[in-house]
Amino acid sequence: MFYSRKGRKFCLVFSAVLLAVTGTGMAFAPHYAVFLVLRFLVGAASSGLGMSSYILMMECVGSQYRNRALVGLCVAYAIGYSLLALFAWAIPDWRHLQLSISTWIILFILYYFVISESPRWLHGSGRGKECEQLLRRIARINGKTYPENVTIEIDNSIHLITLSNGKTREPNVVDTVRTPNLRKKSFILNYEWFVVAYVYYGLTLNAVSLGKNPYMAFVYSTAVEVPAALITGFLLKICGRRLSTVSSMFVGGVCCLVTALPFLQRM
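What counts, and where the lines are drawn
Residues numbered from 1 in each chain as written. Predicted model: local features only at pLDDT ≥ 70, side-chain atom pairs only at ≥ 80, totals over all residues. Heavy atoms only, no water. Helix = DSSP H or I, 4+ residues; strand = E, 2+ residues; numbered from the N terminus. Polar contact = N/O pair within 3.5 Å; in protein donor to acceptor, adjacent residues only side chain to side chain. Core = buried A, V, L, I, M, F, W, Y, C linked by side-chain atoms within 4.5 Å. Buried < 20%, exposed > 50% of the residue type's maximum accessible area, 1.4 Å probe, protein only. Contact = heavy atoms within 4.5 Å. Salt bridge = Lys/Arg side-chain N within 4 Å of Asp/Glu carboxyl O.

J.: What is the right way to look at the side chain of Gln 98 in this model?
T.: On the secondary structure map, Gln 98 appears in helix H5 (residues 94–102). Side-chain polar atoms of Gln 98 contact the backbone oxygen of Gly 23, separated by 3.1 Å.

Structure follows, in structure tokens:
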């Protein structure tokens, strides 16, 4: 709801500033209770930064380029994750490490003056004139000619839900579970996200226990995401979303089961 009301760009910059402030504050936490509160805010800010940047990217990129844009985002995430091990190796004290990886994020505030708002959000918010101005600017930067016969029409009623009594209302999060079909799909996707996050972070955070060098073990476990992202992008283009999702979950589950076999535990 926050992203829908305030816009993608504002939420991205706000989340980045919040992440910089709370992340820096963690380095000076006087006791564990303060650390936990700040860590909770860091998690909320990082999630907001990730979602707002992803949404902004998807809404500014044409459908034929979204696959490549998503792969680029995943590759950048994996490279940044790998570099964290280098920082941890160079700065062993956790307070100094936390400070070194948090303070520079404040530079993200410059994004407010560099990037543009999502044209889709502007259109959906009824700001048709700003949307047209932005589209003209995008066309000029890309060396294209904006078609003069195209006009931006705003019809806010298409976003409203018509009730049985004829009245209309704004959609809300409850609508995702209002009908049997939506309840089934919402449950499946939310459960999938829960499982993926649970296994992904469990494996990644436990990677330091693999091998003698915890830093290199962490690098190996994160750097492997680069070819994984490239392969996934290829599968999405060839096989589509549903088959790629099912096959990835199946292969990942089989690999987790294989690594848990007793004879591998003794190796």
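J.: I would appreciate a short explanation of the nonpolar core in the present structure.
T.: Counting residues in each nonpolar core, the largest one holds 13 residues, and the members touching the most others are Leu 12, Ala 16, Leu 19, Leu 49, Ile 105 and Phe 108. Listed by contribution, the elements that provide at least two residues to this core are helix H2 (8–26) and helix H3 (32–60). Take this core: its biggest share by element is six residues, from H2. Each residue touching Leu 19, except ones within four places of it in the same chain, is listed here: Thr 24, Val 42, Ala 45, Ser 46, Leu 49 and Ile 105.

J.: Sorry if this is basic, but what is going on with the pattern of salt bridges here?
T.: Where charged atoms of side chains with opposite charge meet at close range, the side chains can pair. Tallied over the entire structure, the rule returns three salt bridges. Between Glu 59 and Arg 8 there is a salt bridge, with its nearest N and O atoms 2.8 Å apart. One end of the pair, Glu 59, is in helix H3; the other, Arg 8, is in helix H2, with 51 residues separating them in the sequence. In terms of burial, Glu 59 and Arg 8 fall into one category: buried. Arg 136 is paired through a salt bridge with Glu 132; the nearest N and O atoms lie 3.1 Å apart. Here the residue Arg 136 and the residue Glu 132 both occupy positions in helix H8 (residues 128–141), the gap between them amounting to four residues, near one helical turn. What makes Arg 136 partly exposed here is its relative accessible area of 28%.

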